[in-house]
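Structural description and commentary
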Amino acid sequence: MKLSEALHHLGVPLETFVPQHADKVLLFGTLIGRDDAFLLDRVMDSGLPFVALSALEDSRLGRFYKYEAGTEEGVLGILTKALYQGSDASLERFFEELDEGYLSAECNLGEEEALELAQTLQEKRVVCVLGADLEHHFHAPALAQWLKLLSHVARISYVMAGHNATLAQPLPLELPQAPDVLESFDGTVTYACPALNNEEASQLLGSRQFGVAAKVKNGDRVEIHNALGVQVRTFCMDETMKGTVALLPYAHVPEHFRYAHSTIKQVG
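This structure is a prediction, so every number in the text was calculated from the model and none was measured. (Residues numbered from 1 in each chain as written. Predicted model: local features only at pLDDT ≥ 70, side-chain atom pairs only at ≥ 80, totals over all residues. Heavy atoms only, no water.)

1. Things to note about the packing of aromatic side chains
Under the criterion given, the structure shown has 10 aromatic pairs. An aromatic cluster of at least three residues, connected via ring pairs, comprises Phe 138, Phe 185, Tyr 191, Phe 257 and Tyr 259. Cation over ring: Arg 233 sits above Tyr 250, and NZ or CZ is 5.1 Å from the ring centre. (Phe/Tyr/Trp six-rings, centres within 6.5 Å; stacked < 30°, edge-to-face > 60°. Lys NZ or Arg CZ within 6 Å of the ring centre and 35° of its normal.)

2. Here's the deal with the sheet that holds strand β3 (residues 65-66)
Strand order in this open sheet of five strands is β3-β2-β1-β4-β5, and the pairing throughout is parallel. Bordering the open sheet on either side are β3 and β5 (156-160), each of which pairs with just one other strand. Across four bridges, the pairing between strand β1 (residues 24-28) and strand β2 (residues 50-54) is parallel. Bridge pairing in β2 links Val 25 to Phe 50. Contacting β1, β2, β4 (126-130) and β5, helix α3 (residues 37-45) runs over the sheet at an angle of about 145° to β1. On the sheet, helix α4 (residues 72-83) packs against β1, β2 and β5 and is oriented at approximately 155° with respect to β1. (Pairing = 2+ DSSP bridges. Helix = DSSP H or I, 4+ residues; strand = E, 2+ residues; numbered from the N terminus. Contact = heavy atoms within 4.5 Å. Axes fitted to C-alpha atoms, helices over the stretch in contact; angles between N-to-C directions.)

3. Quick look at α3
Buried within α3 we find Leu 39, Leu 40 and Val 43. What you see down the axis of α3 is that its buried residues fit within an arc of 95°, all on one side. With respect to the buried face of α3, the exposed residues turned more than 90 degrees away are Phe 38 and Asp 45. Buried-residue contacts for α3 involve β1, α2 (32-35), β4 and β5. Backbone geometry just after α3 places Gly 47 at a positive phi near 85°. (Buried < 20%, exposed > 50% of the residue type's maximum accessible area, 1.4 Å probe, protein only. Arc of directions from axis to C-beta.)

As far as function goes, none of this settles anything; it's purely spatial.
Next comes the structure, spelled out in structure tokens:
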């Protein structure tokens, strides 16, 4: 199930970004500007303060809170607990039993960072812009439950990059299950994203660190094996990128979770 469908099923609407309806913007997702440059421009031009949660650095956003790809459930769990102020006594035991220490370690998002982020969002009308990369998350129904709970404990509404606004019939709150095991994306990982031009659609864009991990050099022809299939691309090193996640641009991004463990082999 897609995240937008799961949210609708739980009675959570997706809205249109209206700066006058918010005091702050929370960007949650990866490279939102690649999927919806118009929306990101509106956020940047709105004059509203914003903060970003992302698994990949985006040079346009300045300071951001980084988490490990695939651990979005844990990120939402930590943030929701940090924002919970005891206004709903029926949730007290749920949050007492939530092991934010484990979640923080798996997400690589510190508890102090989560509290710092929560403090910037408390008592404010927050518009959370969800990245299009979350639409095909492998745990989309669980993510939707966490997002609904988050909007229950704080004044948060949702917009999704590349997605139109949708109405939803309000429904009772369903508590999510605390994740026992979070997905680990170690080693060489690729992130499928929209290509900005035709040339990019034939490239694999990665950092110097990725090149070392994958044992490839700038300009090498490489064969990429992952859950999206087999791709033959040219590796292009980008000195502005960091880490061992490379961008795999597509003219039409496959409907699949965008992060993928990848085996990279030099060819030809």
